[in-house]
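A structural walkthrough
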Amino acid sequence: MNSEEILAKVEREVQVCTKCDLHFSRKRGVPGEGPANAEIMFIGEGPGFHENEQGRPFVGPAGQFLDELLDQIGMRREQVFIGNVVKCRPPGNRDPHLEELSTCDFYLEQQIQAINPKVIVTLGRYSMGKFIPNAKISEVHGRAMRLKGRLIVPMYHPAAALHQPSLRSVLVSDFARLPALIASAESAPEYEIEPTVEKSDPKQLSMF
Ligand code: URA
Ligand code: SF4
């Protein structure tokens with residue numbers, strides 16, 4: 001299967017998936033969307049009310065802010081892949097549970113392998129946790145690190161800025177740095193980080 005076919009298969013499977021309890025609250029699954037050859041992938045948390053209605057990621061108020069953030073750096077959402085760590089809406093927008101995250105990772109991993117993006121921007125704690133489990137978002141947001149040949153850039157979740165207005169300017173300035181981080185990453189040396197180091201002491205990660 002080529003990468004388009006893998007993404008299409010994931011899309012179909014998510015709509016009928018019953019691997020975790022989140023399928024009970026699903027109206028529409030939200031597999032994510034974007035080109036199969038996207039260089040940048042944004043990974044949020046999970047569908048909210050509007051996403052569950054429409055089957056598309058980031059189409060509510062948080063999505064509107066994400067669009068503004070992309071616009072500010074001259075990117076359009078059609079150019080990037082936008083997805084989530086869980087594909088079905090947690091009831092009442094509660095946080096996803098650990099077992100839901102680990103179960104749904106089955107789909108996210110296939111998407112990452114198929115797209116093979118140069119850069120993954122994590123939005124919020126849950127998607128950051130997939131890559132840098134013990135990091136504190138207040139310490140690492142807006143900083144880039146190389147992991148398995150890929151640049152990971154953790155950012156606050158756009159919805160957090162809607163509840164906490166002081167985070168708005170933080171997200172704006174973190175996004176503003178993204179093009180420079182991406183440009184410098186290409187010539188930057190690559191470090192392979194042992195998973196044990198990654199788990200036990202995130203400060204040992206190569207930050208730049
Ligand atoms: N918040 C998310 O984390 N993902 C969405 O798709 C929408 C809002
Ligand atoms: Fe399946 Fe993921 Fe939906 Fe759970 S959240 S039912 S694992 S698609």
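Reference entry: report on the structure contained in this document. Once a new chain begins, its residue numbering starts again from 1 and follows that chain's sequence as written. Chain letters start at A and ligand numbers start at 1, both assigned in the order the entries are written. In keeping with the model being predicted, local features are shown solely for residues with a pLDDT of at least 70 and side-chain atom pairs are shown and tallied solely at 80 or more, while totals for entire chains, interfaces and linings include all residues. Computation of side-chain values covers all heavy atoms of the structure but excludes hydrogens and water.

1. Some remarks on the overall build of the chain
Along the chain, the regular secondary structure elements total nine helices and five strands. Counting from the amino terminus, the chain carries its helices and strands in the arrangement α-β-α-α-β-α-β-α-α-β-β-α-α-α. Think of it in three bands: residues with accessible area under 20% of the maximum for their type are buried, residues over 50% are exposed, and the middle band is partly exposed, with areas taken using a 1.4 Å probe on protein chains only. Relative to its full complement of 208 residues, the chain shows a buried share of 50%. In what follows, residue pairs with any heavy atoms lying within 4.5 Å of each other are defined as contacts. Considering only contacts in the chain between residues 6 or more positions apart, those separated by 24 or more positions represent 73%. Counting from the N terminus, the helices are DSSP H or I runs at least four residues long and the strands are E runs at least two residues long.

2. Brief notes about the environment of R89
Position of R89 among the secondary structure elements: in the loop between β2 (81–84) and α4 (98–115). By relative accessible area, R89 is classed as buried at 17%. Between the alpha carbons of R89 and V30 there is a distance of 8.3 Å; along the sequence they are 59 residues apart.

3. Section: the packing of aromatic side chains
For Phe, Tyr and Trp, where Trp contributes only its six-membered ring, two rings pair if their centres lie within 6.5 Å, and the inter-plane angle classes them as stacked under 30 degrees, edge-to-face over 60, or tilted in between. With the rule as written, the count across this model stands at two aromatic pairs. Taking 5.8 Å as the distance between ring centres and 10° as the angle between the ring planes, the aromatic pair formed by F42 and F175 counts as stacked. Taken as a pair, F42 in strand β1 (residues 40–44) and F175 in helix α8 (residues 166–185) lie far apart in primary sequence, 133 residues in all. The class for F42 is buried, based on a relative accessible area of 0%. With a centroid separation of 5.0 Å and 70° between ring planes, the pair formed by F106 and Y107 is classed as edge-to-face. Sitting over the ring of F106, K19 keeps its end group 4.5 Å from the ring centre. Criterion for a charge above a ring: Lys NZ or Arg CZ within 6 Å of the ring centre, and within 35 degrees of the ring normal.

4. Some thoughts on the site of ligand 2
Residues are classed as near a molecule or strand on a simple rule: at least one heavy atom within 4 Å of it. Residues in contact with ligand 2, as listed here, are C17, K19, C20, L22, H23, K87, C88, T103, C104 and Y107. Within the shell around ligand 2, the residues separate by chemical class into six nonpolar, two polar and two charged. Basically, the charged four are Asp, Glu, Lys and Arg, the nonpolar ten are Ala, Val, Leu, Ile, Met, Phe, Trp, Tyr, Cys and Pro, and anything else, Gly included, counts as polar.

5. Notes on the environment of A176
Within the secondary structure, A176 sits in helix α8. Sequence separation between A176 and L69 is 107 residues, and the spatial gap between their C-alpha atoms is 8.3 Å. If we skip the residues at most four places from it in the chain, A176 touches Q72 and I73.

6. Let's talk about the pattern of salt bridges
Salt bridge, as used here, is a side-chain nitrogen of Lys or Arg placed within 4 Å of a carboxyl oxygen of Asp or Glu. Evaluated as defined, the whole model comprises twelve salt bridges. Ionic pairing is found between E33 and R77, a salt bridge with its closest N-O pair at 3.7 Å. Note that E33 is positioned in the loop between α1 (3–16) and β1 and R77 in the loop between α3 (61–72) and β2, a separation of 44 residues in sequence. Its salt-bridge partner being R125, residue D95 comes within 3.8 Å of it at the nearest N-O pair.

7. Concerning the sheet that holds β2
Pairing in this open sheet of five strands is mixed, and the strands run β2-β1-β3-β5-β4 from one edge to the other. Looking at the sheet topology across the chains shown, the edges are occupied by β2 and β4 (145–147). Strand-to-strand twist of the sheet, defined as the mean angle between neighbouring strand axes without regard to direction, takes the value 30°. Two strands pair if DSSP finds at least two bridges between them. Summarising the sheet, β4 and strand β5 (residues 150–155) pair through three bridges and their orientation is antiparallel. Opposite R146, over in β5, you have L151 as the bridge partner. Axes here refer to lines fitted to C-alpha atoms; in helices the fit is confined to the stretch in contact. Angles between the N-to-C directions go from 0 to 180 degrees. Against the sheet, α4 touches β1, β2, β3 (119–123) and β5, its axis set at about 170° to β1.

8. Quick word on the site of ligand 1
Every residue lining ligand 1 is accounted for by G44, E45, G46, E51, P57, F58, N84 and H157. E45 has a polar backbone atom sitting 2.8 Å from an oxygen atom of ligand 1. Polar contact is defined as a pair of N or O atoms within 3.5 Å, subject to the rule that within protein one atom must be able to donate a hydrogen and the other to accept it, and that residues adjacent in sequence are counted only when both atoms are side-chain atoms. The contact in question runs from a nitrogen atom of ligand 1 to an N or O atom on the side chain of N84, over 2.8 Å. Values of accessible area rely on a 1.4 Å probe in the Shrake-Rupley scheme; residue burial ignores everything except the protein chains shown. Protein coverage of the free-state accessible area of ligand 1, which is 230 Å², stands at 92%. For the shell around ligand 1, a count of residues per class yields two nonpolar, four polar and two charged.

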